[in-house]
Each structure stands twice: as structure tokens, then as C-alpha cells.
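Single-letter residue listing:
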Amino acid sequence: MPAVSKGDGMRGLAVFISDIRNCKSKEAEIKRINKELANIRSKFKGDKALDGYSKKKYVCKLLFIFLLGHDIDFGHMEAVNLLSSNKYTEKQIGYLFISVLVNSNSDLIRLINNAIKNDLSSRNPTFMNLSLHCIANVGSREMAEAFAAEIPHILVAGDTMDSVKQSAALCLLRLYRTSPDLVPVGEWTSRVVHLLNDQHLGVVTAATSLITTLAQKNPDEFKTSVSLAVARLSRIVTSASTDLQDYTYYFVPAPWLSVKLLRLLQCYPPPEDAAIRGRLTECLETILNKAQEPPKSKKIQHSNSKNAVLFEAISLIIHHDSEPTLLVRACNQLGQFLQHRETNLRYLALESMCTLASSEFSHEAVKTHIETVINALKTERDVSVRQRAVDLLYAMCDRSNAQQIVAEMLNYLETADYSIREEIVLKVAILAEKYAVDYTWYVDTILNLIRIAGDYVSEEVWYRVIQIVINRDDVQGYAAKTVFEALQAPACHENLLKVGGYILGEFGNLIAGDPRSSPLIQFNLLHSKFHLCSVPTRALLLSTYIKFINLFPEIKTTIQDVLRSDSQMKNADVELQQRAVEYLRLSCIASTDILATVLEEMPPFPERESSILAKLKKKKGPGKLPDIEDSRKEKHANINGGTEPVNTTTNIKAAPPPSSDLLSLGSPATQNSAPPPATAGSLLVDVFSENNSTPTPGAQLGPVADENFSRFVCKNNGVLFENQLLQIGLKSEFRQNLGRMYVFYGNKTSTQFLNFSTSVYGAPPINLNVHTKPADPTVEGGAQLQQILNIECVSDFMEAPVLNIQFRYGGTLQSIAVKLPVTLNKFFQPTEMTSQEFFQRWKQLSTPEQEVQKIFKAKHSMDTEVTKAKIIGFGVALLDQVDPNPSNYVGAGVIHTKTTQVGCLLRLEPNTQAQMYRLTLRTSRDTVSQRLCELLSDQF
Amino acid sequence: MIRFILIQNRAGKTRLAKWYMQFDDDEKQKLIEEVHAVVTVRDAKHTNFVEFRSFKIIYRRYAGLYFCICVDVTDNNLAYLEAIHNFVEVLNEYFHNVCELDLVFNFYKVYTVVDEMFLAGEIRETSQTKVLKQLLMLQSLD
């Protein structure tokens, strides 16, 4: 039976929509809309009061116009009026308008909330649902403040209708997601858990979502949900397909509810209670058994919903990772799907098997499918399926199959889609290194990578091969020979030239005995390609040449001639020119001994986690990349040994090398160009070294920008950081021990920033809490992205937190760290007091630890007004007529932290003649006095 | 959770847009265009899933209409794929052989159908019988 016929209800609306559809052009449409808007405006403004029907019709038309993409700047009031109508159809349009055009107009919010309140308490289930849906759709903080306390009562009340319970559960979920602080877990929680037992499966469906989200955040409070969920699941999977009537979908009993229950169980470890655990295992076995039964219907809906449950069950089995039989059965089931004719199933099987590969119980079982997966790489039409195949090959790789998998990946790389080449290159590089028994194989593999996909070989990859060759003397001769041969090709990738130049500069002597690769031939080979290279590569080659002078004195004059030529000496590029001049000079004046010392072979690099691995992890995002080694608990003796989570992908551009620069070529160009061997020694060490003494997880190694930091001590807004790509602006406000900082990231380029992510680290969370939501991963060219940081000062602290920003610009990963101006003084509340009070307290704080004094020279002009503004900006009250000497400044305030409050008195005495200040601070806590003194004395 | 639901025709005209997270209007427009671009280039041999920014789109095509649900990457693909179909069957029953025009002229009713089946980015009700009974009851109200 048709429930609705076309356009019933509001004739005027149907006519208007028809008119719009008949418009031949955009202009005609706009004209028609403007006419309608004028009409509606006059109706709303007219003297005659509109009846409910007309109001509903016009509001609905406005909504339609808005949904077409036009701005609507009136009608909100009329929509709000509809909310208090007694008729469902009018109320519905009112609520719809409010939900779609959320407006933070404060007057209206009050009226809207009033209407919602009336409907919530109306005991009319239809009206209650309309209002609950509105709250769930808008989910604003104001609404959470108004209703978060009431909705749990509606949800657990005995007399609430089932459909209202469903809405209330999800409405509460929405409020919990947007404002968790306003939804305190209370006595209602235990009753919510019992909704899993409800007779109405719709109520269970809605409640399970709520419970899952709450359980993720408060696992202990919701522990009891495990046994209830298992019981419910068991009843569903063992039911005959007709038992659940309305909830059976194409012969599958309650598939969506089953999926939700299985997801809820993934919030917890396997049940400890043997009976519950046994029952759950039975359920999972039943689900696996059903997959083998003949289908009850040929319809795709049947198999899809059955498999939805199956895949979720497999996720739970993998999550528990404790039942070897189930894991192996899951693997066999997925193995069948790998060859299924449905592309969806092949895709999902590859994806799911990828996580299965990291379990020690099923790793071997996954490996048996290698041929099928390799075949998928060659035959799948959908690139996303091929991508999953690459992921799975990577996950199943170990020492036994590494050579085969790397060969297949290299093979695929020749024709791979551009979008995934870089990732495959990283994966091949990692696998080749990790499972190399024979380092000649490793060197061959990397050179092949450069040959096949040179453009996609990032700096990390070629730095890495050099690092490994330098650290392993058994492979150096082979590496020199191989690069020499590879360079014979008439056209070779610039990355090959970089690797070749570096390696020959270090180890060319190892093959110089062969007349086919004599010193002069090596030099001529490199130099024949010199002029076709970019500046950074040429700079690198110049360093190779000076290294040659040390290795092969017999070709010294040839090289000196090249260095002396006009194209080097007078090169337009200052970096190349400087290198040529200095290298030439060095080769002329230094004795052989000195030359040999300066140009000695690179020392081995300290061993650590591969920087490429870090890069891949970043590319895939945490969690998406199965850890191919650690979780399998088989530690291979890999070259790098260390597995400490040190992020080594420092951006060279942001990280000028320390001044240990071998030849003191401190020109800025050195920092911008790719590193040449001799001078790059320090740079490579810098890139790969752990120069942070406290390895904070996720912390970056580069320098933290803090140029503008001190400017923010006495003010809250301004530009914190700026380079050629990015500008970071700040607006912040602080009250008591809480603060909110609006961070604006401006993309100064015309190109997108991709994989944009931020994190805050630094101050220990017991002192300072900084919360933020993940930033949007893309920032368009010229656009600005806003992020809000919520800050809570728990106790007094010294170190400011550091904001770490990463993104891809063009092909390269940018990484910036900026010190956030969250300083202790931000949590000041000014305190006014009289002279008498001030000196009374001053005397109370007279022990030596409580006072800190500093005498310092003025850095800025000693202007009275500026100084006053700074002291007020620092957060204290500036107290007049307290100090007997009117030119002194006196201030008082209280630092608010969550745990305590610290009173603070300060006195600043200028000496204009000597251009000096004396600053004295007294607080009840020595660390606070110390820190405040440091901060403030830096300001004058 | 569901981040948004979109119904678009092949030309890219939006027939329903339901958002479960905060986006400003420009961002919404951009998302609508991006979804259209990634979904319409795919053919029947492709999966019904596309990675999309840090989420994924589960979609299904019915005649000239694409029904797209954007969910978190860890969500169950097939469950949402069938949730789309369940939704379409309800629309089909409610509008008696639903066509694109029904969604245009009754856009305000489509929102009611959505709210009955999906709320706060979660699946609210899956029983077609229960949803249709409720919709008929609402239809009978003044």
C-alpha cells in the first residue's frame, strides 16, 4: 500500500518545487526564488496573522530554498513558533527547519529549548521523539547543558514507550560525544546496561550503540555488559530464522544487532568467567559453521548480512587473539573468500587477513595463501583491492618468503598506480632491510627500486641505504661495484647518482684496482652526468670529488682543473661556488695527512629504528599498519637492532645541522640542499640521531621554534610562528585554572597540505592537561584551519608544552614544532589589596625560599605605560599607592591550579639612570617564585 | 559511527544530505562534490567501498541514484551496505515504488524516514515492519 502520493500535504509547496524544476537556467531559478522570498517575507510581515498551515508551508519553502544552496536570513522565528503548535505536521516542519539551519542566535536557542522542554514533558511519544531527534541532530553544547540531566531519566523510566527509549538512548549518545563532561556517569548506568535484556530488539539495537561508546571510555563501570551481550548474542545466533520475526532480514536473524553486540565485546578482553567464555566461543563457532552451510537464499542481501556478522565475529576472534582453533578457522574462511567472485568479499578478506597475519597463532596459516594474494596483485581491477593485497603481502612477510614477496612487489611496482607507488617503495625498502641475510641482495633491491620508481624514492630511503653500506664493511665493495655498473646506463635517475656519488666517494678505492673502474674512469663517469643534475646533487658530487682527491692522489690535478673551471668558480649558485672555492683551496694547502684526516671515511652510524619505518607508519596512520615483527614476538637480528619508538623523520629543512659542520660551510644553502658526503656527515647524523635526551613518544627531534614565545607571556593573541609555508596564529583566553586556545593554521601556499596532523607534548600531564580534537587532515591552499586546545592547569609547572605539526606539502613531509605559550602566569587571577594588606602578606612570605630576586639590565625602553601594561598583561593586579616610592611597581595575584592556589606578590624597581631593574617575587611556593621571575624578567 | 548520509543522482544533484558531525556550509559543499567525484567513476567490478579522507564511503547505486554512507574506517562495511538497502526498501514501500521525484517533492518526509532508522550517527531501528508502522501512524496525524 502506498503510504504517500506525490505532493500531498502542501499544494503550494509542490507548485513551487515544480516551478523551480521547470526553470531553464540558473538565472530563471534565482529569479523565481527571489520572487518567492519576497512573497514569503511579505506574508510574514503582513498585518494578518498567518494560520498554522500557511506558516508551515512557507517555512517548508524556505527550507527547500536553503537546501538548493541559497542563504536564508529570516523565518527562524516563524519556525520556532511552529514548535509550539499542537499539530504534528506543523511541529515536524518546525523541528526540521531548526535541525537543518542550526543558528546560534542566543534568543532563539532559549525559545527552542523551551519548546523542546515542553515536548519532552508532554508524555506524548510522538512529540517526545520529535524533540529528542532535534537534540540528537543539533547536539549543541547549550542543548547538552539544558537536557543532559533529564534524558537518562527518560531512558530508564519504566513507563517510557519503546520508540522513545530508542531515541533517548541515541540522543544521550550524541550529547555524550559532544559534551562528555555534561553527561556524568551516574546511578542510571547500571539500568542502561540492562537494556541489553530488553524485549524490544529496537531498544537493544539503539542501547548497544550507547553502551559501546560509554564502555570505551569507562570500561570498569560497564563490565557487566559483557555477560549480558554474550547472552543476547547467543539467543540471536541460535534462534531459528523465524523466531525474531521483524528483525530477521533475508533469513538472517538480527544482523545489525549481532554486529553491534560483537563490537561491544571488542571493548573488553576475553571473559574471565569460564561459563560466559564457553558460551561466547559457542556463538563464534556457530557463526563460523553457518558460513559453511548452503545459503538460504540466493539474494545478495542474504549473503551480505550473513557475512557482515561473520566478519565482525572474526574481528572479535582477532581482538581476543587467544583461541588458536578459532583463529585458524577464521583464516581458512577468509582464504575461501580470497577467491570469491564478489569483489567486496575479496577486498574484505584481504583486509581482515592483514590483521590476522600479526597473530602468532595464525601467521603460518595466513602465509599459505601467498600465491592467491600475489595473483590478486596481478589481476584485480580495483586499485583499492590491489592496495589491500600489497598490505597483506607486507604483513605476511617473514624471513622465509621475503625474497619472493619483495620480488613480486618490485614486479608490481613497474605498473603500479601512481597513487600507491611511494608506499610500495617504502614497504619494499623496509622488507629488504629487515629480512636481508645477504646484504648484496639488499643493495640490489634498493638500486632496483631507484631504477623502477626513482621519483618515488624519498630521501629517507636513499639515506638509509647509505647508512647501511657505511655500517657494514662486508657489503661496501659490492655496493661500489654495483653502483658503478648501474651508473653505466645512458640515462639514470638522479637518486642513483646521489647514492652512486656518495658510495664511490667513500668506497671507490675498493674497486679501483680493476682497470675497468680505475679512478679516472670513475671520476669521468660521474662527471659526465654532473651537468644534467640539480644543484643539490651537484653539490653532493663536488664533495665526492674532494673525497676522490684524498682516495686517488693520481687524479688530483684533473679534479682541481674541474674545480678551477669558470662553471664552478663562478657558478651562479652560491653554494656550488663556495664549495668549489673551498674544496680547491683545501686540496692546495692541506698536507696529505690533514687531507686524509678531514676527508676520512664516514664513521658508522648509531643503530636505531629505521627512519623509513617511521615514515610508513606516519603515512598509514597508527593502527592501520600491522606491526610485522613485534606482535609476532619473533625478534630477528635486524641491522638496526633498536626498536625504541623514536621518530626519526625530522625535516631537514626545519633542522639546521649543528655547527660540527666538517668544513665550516655554514651558508644557508647547506641547510636547504641535499647533503653532500663530506659536509653532510653532520647532517646525516642529525637526521638519524637521537639527539633528544628524553625520548617522548611522538616527540620530534628537530629544534622547537620559540622565537615568539616570550612575546606571549604578557599577551594572549598574535602570530606564534611563520615560515614560507605556514603561519600559526593564536587567540587564547584563561579563567581560573582553565584555558582555551584557538590555534589558526594558515596555509600560505596555493597547494594543499595533506595528512595534516598535530599533537601536543611536553609538560607532564600531572601538571598540565591539554586536550584537542584531531585536526582536519587537509588544509587547502590559502585556507585557514582552526583548532581548539582545552587546557587545564593541574599543578604548577615549568616547561611549556610543545605543539607538533606534521603535513605533506608537495612530495615532502614537513614537521614543525613550536613551543606553546602556556605559561604559569596565565592562570593568575588579579587581587586588589591595600597598602597595609600588601605589606602584611609580604612579611608573611619572608623565608628565603619564598623570595626570588633578580637584577637585570633593561632590554627595552623604560617607558612607564608600557611597563604597566606588561605587568597587567602578566596577570596580576597593579597596585597603586602601595609602594612608598611612586616609581616602583607593585602587583598581586593568585595562581589557580586544580590542586591548589598560590598567592603571589611582586615588586619591580626601575633604575632609569643605570638602565637596570630589580624584580622581587614572593609566593608560598619556591618553584612558583622561580618560574614567575624567569618569565617576567625576560619582558623588560 | 556514520559521519554523513548522501543521496545524489548521476549529475551530482543532492537529493538528501544528512550530517552527523559539524561541518560549515562550504565544507559540506566540498564533501558533496568530492563524494560525487570518487563514487561515479567506479564501475560494477569495483567494491562498494571507497577510502575517503580519514573515513570510508559505503555506497550503492539504485538506477540513477547513489546512496552513500560515510563511516569510520573500523566500521563494518557489509553491515552499512545492507543498512542502505534496508533504508531503500523502506523508502520503496513508503512511497510505493520510490523514484527520484518522490525524494524531491517529499524531501521533508525523507528526513523523517531517516530519523526513524538512523539517529546520532547510529542505526536506530532495523525492522521494516516497525519503521513503516510508525511512518503510517505519523502520516495519519494532522
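Nothing here was measured: the structure is a model prediction, and the numbers come from that model.

Rules of the game
- Residues numbered from 1 in each chain as written.
- Chains lettered and ligands numbered in written order.
- Predicted model: local features only at pLDDT ≥ 70, side-chain atom pairs only at ≥ 80, totals over all residues.
- Heavy atoms only, no water.
- Helix = DSSP H or I, 4+ residues; strand = E, 2+ residues; numbered from the N terminus.
- Buried < 20%, exposed > 50% of the residue type's maximum accessible area, 1.4 Å probe, protein only.
- Contact = heavy atoms within 4.5 Å.
- Areas by Shrake-Rupley, 256 points an atom, 1.4 Å probe, with all protein chains shown as cover.
- pLDDT = per-residue confidence, 0-100.
- Pairing = 2+ DSSP bridges.
- Axes fitted to C-alpha atoms, helices over the stretch in contact; angles between N-to-C directions.
- Polar contact = N/O pair within 3.5 Å; in protein donor to acceptor, adjacent residues only side chain to side chain.
- Buried area = accessible area lost by both parts, 1.4 Å probe.
- Salt bridge = Lys/Arg side-chain N within 4 Å of Asp/Glu carboxyl O.
- Nonpolar A, V, L, I, M, F, W, Y, C, P; charged D, E, K, R; others polar.
- Phe/Tyr/Trp six-rings, centres within 6.5 Å; stacked < 30°, edge-to-face > 60°.
- Lys NZ or Arg CZ within 6 Å of the ring centre and 35° of its normal.
- Parallel < 35°, antiparallel > 145°, perpendicular 65-115°, else oblique.
- Left-handed = near helix turned anticlockwise from the far one by under 90°.
- Expected span 1.5 Å × (residues − 1).

Chemist: Is there a simple way to think about the overall build of chain B in this case?
Modeler: For chain B, the count of helices and strands is five helices and seven strands. When its helices and strands are written in sequence order, chain B yields β-β-α-β-β-β-α-α-α-β-β-α. Residues classed as buried in chain B amount to 66% of the 142 residues present. Looking at chain B alone, contacts between residues at least 24 apart form 48% of all its contacts between residues at least 6 apart. In the form shown here, chain B has an accessible surface area of approximately 5200 Å², with 52% of it arising from carbon and sulfur atoms.

Chemist: Sorry, what's going on with the confidence of the model for chain B here?
Modeler: Predicted coordinates in areas of low pLDDT are best not read in detail. Here chain B shows a mean pLDDT of 96. Residues at 70 or above account for 100%. Note on the complex model: pTM 0.70, ipTM 0.98.

Chemist: Where do I start with the sheet that holds strand β9 (residues 802-809) of chain A in this structure?
Modeler: Backbone-to-backbone hydrogen bonds pair the strands of a sheet. The strands run either parallel or antiparallel. Residue and element names in this part refer to chain A. Strand order in the open sheet formed by three strands is β6-β9-β10, with antiparallel pairing between adjacent strands. Among the strands making up the open sheet, the edge pair consists of β6 (753-761) and β10 (812-819). Within the sheet, the average angular offset between the axes of one strand and its neighbour, ignoring direction, is 15 degrees. Sheet analysis places β6 next to β9, joined by seven bridges and oriented antiparallel. When the sheet's bridge partners are listed, Thr758 is paired in β9 with Ile805.

Chemist: Looking at this structure, I do not really get the sheet that holds strand β1 (residues 2-9) of chain B. What am I missing?
Modeler: All names here are of chain B. What the five strands build is an open sheet, ordered β2-β1-β5-β4-β3; its pairing is antiparallel. Unpaired on one side and paired on the other, β2 (14-19) and β3 (49-52) mark the two borders of the sheet. With direction set aside, neighbouring strand axes in the sheet form an average angle of 20 degrees. Note that strand β4 (residues 55-62) and strand β5 (residues 65-72) share eight bridges and pair antiparallel. Bridge assignment links Tyr62 to a residue of β5, and that residue is Leu65. Sitting on the sheet, helix α4 (residues 107-117) touches β1 and β2, and the angle it makes with β2 is about 40 degrees.

Chemist: Could you clarify how one ought to interpret the side chain of Thr758 of chain A in this entry?
Modeler: Residue and element names in this part refer to chain A. Along the polypeptide, Thr758 turns up in strand β6. Within the local environment of Thr758, its side chain forms a polar contact with the side chain of Gln787, the two groups lying 3.0 Å apart. In this view, Thr758 contacts Tyr745, Ala775, Gln787, Leu803, Asn804 and Ile805; residues no more than four positions away in its chain are not counted.

Chemist: Is there a simple way to think about the interface of chain A and chain B in this case?
Modeler: A common measure of how large an interface is: the accessible area buried when the components associate. On the chain B side, the residues contacting the 73 residues of chain A number 66 residues. Of the roughly 6000 Å² buried where chain A meets chain B, counting both sides, 54% is carbon and sulfur surface. The interface formed by chain A and chain B contains eight salt bridges. Asp43 of chain B is paired through a salt bridge with Arg381 of chain A; the nearest N and O atoms lie 2.6 Å apart. When residues in the side of chain A that touches chain B are grouped by element, the largest group, eight residues, is from helix α16 (residues 300-320) of chain A. Per-class residue counts for the side of chain A that touches chain B are 35 nonpolar, 22 polar and 16 charged.

Chemist: What is the right way to read the packing of aromatic side chains from this model?
Modeler: Both the distance between ring centres and the angle between the ring planes are used here to describe each pair of aromatic rings. Counted under the stated rule, the structure contains 34 aromatic pairs over all chains. Ring centres of Phe856 of chain A and Tyr917 of chain A lie 5.6 Å apart, and the angle between their planes is 35 degrees; on these two criteria the pair is classed as tilted. Of this pair, Phe856 of chain A sits in strand β12 (residues 851-857) while Tyr917 of chain A sits in strand β16 (residues 916-923); the two residues are 61 residues apart in sequence, bridging distant segments of the chain. Here the aromatic rings of Phe87 of chain B and Phe118 of chain B are separated by 5.9 Å at their centres, their planes lie at 80 degrees, and the arrangement is edge-to-face. Residue Phe87 of chain B is found in helix α2 (residues 77-94), and its partner Phe118 of chain B is found in strand β6 (residues 118-119); the two are separated by 31 residues along the sequence. Of the two residues, Phe87 of chain B and Phe118 of chain B, both sit in the buried class. Put simply, the rings of Tyr745, Phe753, Phe756, Phe807 and Tyr809 of chain A pair up and form one aromatic cluster. Stacked on the ring of Phe712 of chain A, the Lys or Arg Lys715 of chain A has its end atom at 5.8 Å from the ring centre.

Chemist: I would appreciate a short explanation of the packing of helix α23 (residues 418-434) of chain A against helix α25 (residues 459-471) of chain A in the present structure.
Modeler: What describes two packed helices is the angle between their axes and the distance between those same axes. Residues and elements named next belong to chain A. At their nearest, the axes of α23 and α25 sit 11 Å apart, and the two run at 15 degrees to each other. Of the possible angle classes, the one that applies to α23 and α25 is roughly parallel. Crossing of α23 over α25 shows left-handed handedness. Of the residues in α25, those touching α23 at Val425, Leu426, Ala429 and Glu433 are Val461, Arg464 and Ile468.

Chemist: Looking at this structure, how should I read helix α22 (residues 402-413) of chain A?
Modeler: Residue and element names in this part refer to chain A. Here α22 spans 16 Å end to end across twelve residues, near enough to the 16 Å set by a 1.5 Å rise per residue. Among the residues of α22, Ala402, Ile405, Val406, Glu408, Met409, Leu410, Tyr412 and Leu413 are the ones counted as buried. Looking at the buried positions of α22, the neighbouring elements they touch are α20 (370-379), α21 (383-396), α23 and α24 (439-453).

Chemist: In this structure, what is going on with the pattern of salt bridges? I would like to understand it.
Modeler: Pairing between side chains of opposite charge can happen when their charged atoms approach one another. Counted according to the given criterion, the structure contains 53 salt bridges over all chains. Among the ionic pairs, Lys165 of chain A bridges to Asp198 of chain A, the shortest N-O distance being 3.8 Å. With a gap of 33 residues between them, Lys165 of chain A in helix α10 (residues 162-178) and Asp198 of chain A in the loop between α11 (188-193) and α12 (201-217) connect regions that are remote in the sequence. Both residues of the pair, Lys165 of chain A and Asp198 of chain A, belong to the buried class. Between Glu423 of chain A and Lys427 of chain A there is a salt bridge; the shortest N-O distance is 3.0 Å. Within this pair, Glu423 of chain A and its partner Lys427 of chain A are both found in helix α23, separated by four residues, close to a single helical turn. Side by side, Glu423 of chain A and Lys427 of chain A carry an identical accessibility label, which is buried. Linked by salt bridges that have partners in common, Arg388, Asp391, Glu423 and Lys427 of chain A together with Glu51 of chain B make up one network.

Chemist: How do you make sense of unusual backbone geometry when you look at a structure like this?
Modeler: Glycine aside, negative phi is the norm for most residues, and most peptide bonds take the trans geometry. Within the chain, Gln245 of chain A stands out as a residue other than glycine whose phi angle is a positive 40 degrees. Inspection of the secondary structure assignment puts Gln245 of chain A in the loop between α13 (225-237) and β1 (248-249). The backbone of Arg53 of chain B shows a phi angle near 45 degrees, a positive value even though the residue is not glycine. Checked against the element boundaries, Arg53 of chain B lands in the loop between β3 and β4. A relative accessible area of 30% places Arg53 of chain B in the partly exposed class.

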